Amino acid sequence: MNTILSTRQMLLDAQAQHYAVPAFNIHNMETLQVVVEVAEKMHSPVILAGTPSTIRYAGPAYIVAMAQVAAKQTTIPIAIHLDHHEDFDAIKTSIDLGFRSAMIDASRDPYDENVARVKEVVDYAHHRDATVEAELGKLIGQEDDLTVSEADGAYTDPDTAADFVEKTGIDSLAIAIGTAHGLYKGEPHLDFDRLKAIRERVSTPLVLHGASDVPDELVQKAISMGICKVNIATDLKIPFSDAVKHYFQDNPKANDPRQYMTPGKEAMAAIVAHKIDVCGSANRY
Ligand code: 13P
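Within an unreviewed UniProt entry, the label attached to the protein chain reads tagatose-bisphosphate aldolase, and the organism entered is Megasphaera massiliensis. Looking at the protein chain in UniProt, the text filed under Cofactor (unreviewed entry) is "Zn(2+)". UniProt, in the comment section headed Pathway (unreviewed entry), describes the protein chain in these words: "Carbohydrate metabolism; D-tagatose 6-phosphate degradation; D-glyceraldehyde 3-phosphate and glycerone phosphate from D-tagatose 6-phosphate: step 2/2."

Structure (structure tokens):
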């Protein structure tokens with residue numbers, strides 16, 4: 001028996017014990033159920049993340065209600081998190097409905113504006129016992145509504161990161177060290193020296209976005225160097241969709257969602273279990 005949590009304690013625990021909490025982007029009830037079921041079996045804390053388009057698609061109240069049911073039925077820590085939100089009003093609406101974790105992504109704004117917009121969200125969220133993540137630097141690639149071209153991408157500067165955390169009072173910092181949203185054209189190269197320099201200057205939990213399609217050893221190395229939240233979206237979406245497509249190829253007359261969704265759920269379950277292993281978050285609760 002549990003309630004929806006903020007990410008505060010789960011990230012501090014992960015940071016202290018050198019593992020990462022996986023944050024899976026959910027898109028519907030099926031994804032949410034699979035993620036929670038596997039995390040529970042593996043005794044792992046878990047974050048269910050929703051981009052603005054997911055929140056619009058399902059409706060924030062539905063997501064909160066589903067997460068409340070999931071939390072009540074389990075003893076693992078569960079947070080629902082607003083991923084890559086740029087609109088303060090949408091964040092307020094979702095926090096008022098029961099979200100206790102939000103990312104305000106103002107990374108496309110000039111630095112001072114980024115600081116001011118993030119601070120505004122921090123003040124609102126902290127008064128409601130919710131946590132805030134913000135990004136410094138810009139990951140390239142596409143995450144739902146958000147597209148950043150290679151030319152617009154930027155790595156996180158360690159000195160600026162320290163200033164940013166101090167001025168905003170955020171609870172976690174998303175950093176750009178070479179990962180990208182979506183699939184990679186070649187082998188990703190992560191700037192571990194930069195991660196080390198950021199970690200030396202910033203004690204706030206650090207977040208790795210764009211963890212899909214990154215070799216496990218690189219994700220694990222980043223975790224060993226201080227990343228304590230790992231975001232995964234594409235690696236769930238593709239196997240889910242492929243399994244459903246295959247089902248229809250084999251059963252062209254299928255029309256029962258309970259049947260054609262099942263292989264999709266099974267495909268996601270295997271990935272969720274693998275990512276929990278990579279994050280080292282199993283058997284923590
Ligand atoms: P991927 O789709 O590359 O896993 O990125 C997920 C993410 O960072 C969500 O914020």
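A. Structural detail: the site of the ligand. Near the ligand lie 15 residues; those nearest to it are Asp-83, Gly-210, Ser-212, Ala-233 and Thr-234. The separation between an oxygen atom of the ligand and a polar side-chain atom of His-209 is 3.0 Å. Ser-212 has a polar side-chain atom sitting 2.5 Å from an oxygen atom of the ligand. Protein contacts shield 100% of the accessible area of the ligand, which totals 310 Å² for the unbound molecule. Residue assignment for the shell around the ligand shows that the elements contributing at least two residues are strand 3 (78–85) and strand 10 (227–232). By residue class, the composition of the shell around the ligand is four nonpolar, nine polar and two charged.

B. Quick look at the side chain of Asn-2. Structurally, Asn-2 is set in the segment before helix 1 (8–17). A polar atom in the side chain of Asn-2 sits 2.7 Å from the backbone oxygen of Ile-76. Contact partners of Asn-2, with chain neighbours within four places excluded, come to Ala-71, Lys-72, Thr-74, Thr-75, Ile-76 and Pro-77.

The rules we used
- Residues numbered from 1 in each chain as written.
- Predicted model: local features only at pLDDT ≥ 70, side-chain atom pairs only at ≥ 80, totals over all residues.
- Heavy atoms only, no water.
- UniProt positions renumbered as here; feature names shortened; annotations may be inferred.
- Near = heavy atom within 4 Å.
- Polar contact = N/O pair within 3.5 Å; in protein donor to acceptor, adjacent residues only side chain to side chain.
- Areas by Shrake-Rupley, 256 points an atom, 1.4 Å probe, with all protein chains shown as cover.
- Helix = DSSP H or I, 4+ residues; strand = E, 2+ residues; numbered from the N terminus.
- Nonpolar A, V, L, I, M, F, W, Y, C, P; charged D, E, K, R; others polar.
- Contact = heavy atoms within 4.5 Å.

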